[in-house]
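Breakdown of the fold
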Amino acid sequence: MFGGTFDPIHVGHLVTAINVRHSLSLDQVLLVVANDPWQKAGTVATSAADRLAMVEAAVAEVPGLEASDIELQRGDHSYTTDTLSELRRRHANAQLFLILGSDAAAGLPTWERVEEVQELATLVVVTRPGAEAMTPPAGWTYERLEVPRLEVSSTDLRARFSDGRPLDYLVTAPVQRLIRERGLYLP
Ligand code: ATP
């Protein structure tokens, strides 16, 4: 599971998901779209349905990556533990991995019902090459992986949309097309 707001999904997200899948030989990486990213209240520019459609467009041609609407189906806002529990119900025999950047992993102690997450999933902490690897707090089963980190962020992309700078190669062509078709991120 690789969760995010994906507003919009960009090549940094895809490079991470593809490399984690390769390094750990995972069957599948689910890009789980946050329905209501309440921690980002006020900054989310597009609906959950549009963000899901962008993720679907981004992964359509990528083997082993899949867009997940699990948190949209549940509605409201989801805690990671609820999402992992649902994945456990759907895939009783699967080993579950939770992919997080070092920055996100640093916030783990503040998570809701974190001990349930520890039970449900192996943590995958992703760091950029050469960066100091973050060690999760006690209690976690974890893997640490170095993955190239492209200097692109959704926040910067939204700013680029609004003042007309090019998006080419920062988001994939199908995502750019979808954004145009749906008239997303217009100033
Ligand atoms: P924003 O700039 O709006 O905060 P974001 O891309 O950082 O957007 P999310 O869409 O929520 O935010 O990110 C989902 C996950 O992708 C998070 O775990 C985040 O750490 C990770 N991520 C964000 N940017 C990159 C990047 N350039 N390379 C790899 N992983 C990234």
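For the structure itself, consult the block above.
A brief structural summary. (Residues numbered from 1 in each chain as written. Predicted model: local features only at pLDDT ≥ 70, side-chain atom pairs only at ≥ 80, totals over all residues. Heavy atoms only, no water.)

Attention now goes to the environment of Ala133. Residue placement: Ala133 occurs in the loop between strand E5 (122-127) and strand E6 (142-146). Each C-alpha atom, one on Ala133 and one on Glu146, is 8.5 Å from the other, the two residues being 13 residues apart in sequence. Ignoring anything within four residues of it in the chain, the contact list for Ala133 reads Thr127 and Arg144. (Helix = DSSP H or I, 4+ residues; strand = E, 2+ residues; numbered from the N terminus. Contact = heavy atoms within 4.5 Å.)

Next up on the list: the pairing of strand E2 (residues 29-33). The element E2 is extensively covered by neighbouring structure, given that five of its five residues are classed as buried. Covered by surrounding structure in E2 are Val29, Leu31 and Val33 together with Leu30 and Val32, the residues of both alternating faces. Here three bridges tie strand E1 (residues 2-4) to E2, and the two strands are oriented parallel to one another. Its bridge partner lying in E2, Gly4 is registered against Val33. Both E2 and strand E3 (residues 65-68) contribute to a ladder of four bridges, which runs parallel. What sits directly across from Val32, in E3, is Ser68. (Buried < 20%, exposed > 50% of the residue type's maximum accessible area, 1.4 Å probe, protein only. Pairing = 2+ DSSP bridges.)

Between helix H2 (residues 48-59) and helix H8 (residues 173-182), the least distance of the axes is 8 Å, while the angle of their chain directions is 150°. Once H2 is placed against H8, the crossing between them reads as right-handed. Of H8, the residues touching H2 (which contributes Ala49, Asp50, Ala53, Met54, Ala57 and Ala58) are Pro174, Val175, Leu178, Ile179 and Arg182. Looking at the contact of H2 with H8, its residues break down into nine nonpolar, no polar and two charged. (Axes fitted to C-alpha atoms, helices over the stretch in contact; angles between N-to-C directions. Left-handed = near helix turned anticlockwise from the far one by under 90°. Nonpolar A, V, L, I, M, F, W, Y, C, P; charged D, E, K, R; others polar.)

Tallied over the full model, the rule gives two aromatic pairs. Geometrically, the ring pair formed by Phe2 and Phe6 is edge-to-face, given 6.1 Å between the ring centres and 70° between the ring planes. Here the two residues Phe2 and Phe6 agree in accessibility, since each one is buried. Ring plane angle 15° and centroid distance 4.8 Å describe the contact between Phe161 and Tyr185, whose orientation is recorded as stacked. Taken as a pair, Phe161 in helix H7 (residues 154-163) and Tyr185 in the segment after H8 lie far apart in primary sequence, 24 residues in all. (Phe/Tyr/Trp six-rings, centres within 6.5 Å; stacked < 30°, edge-to-face > 60°.)

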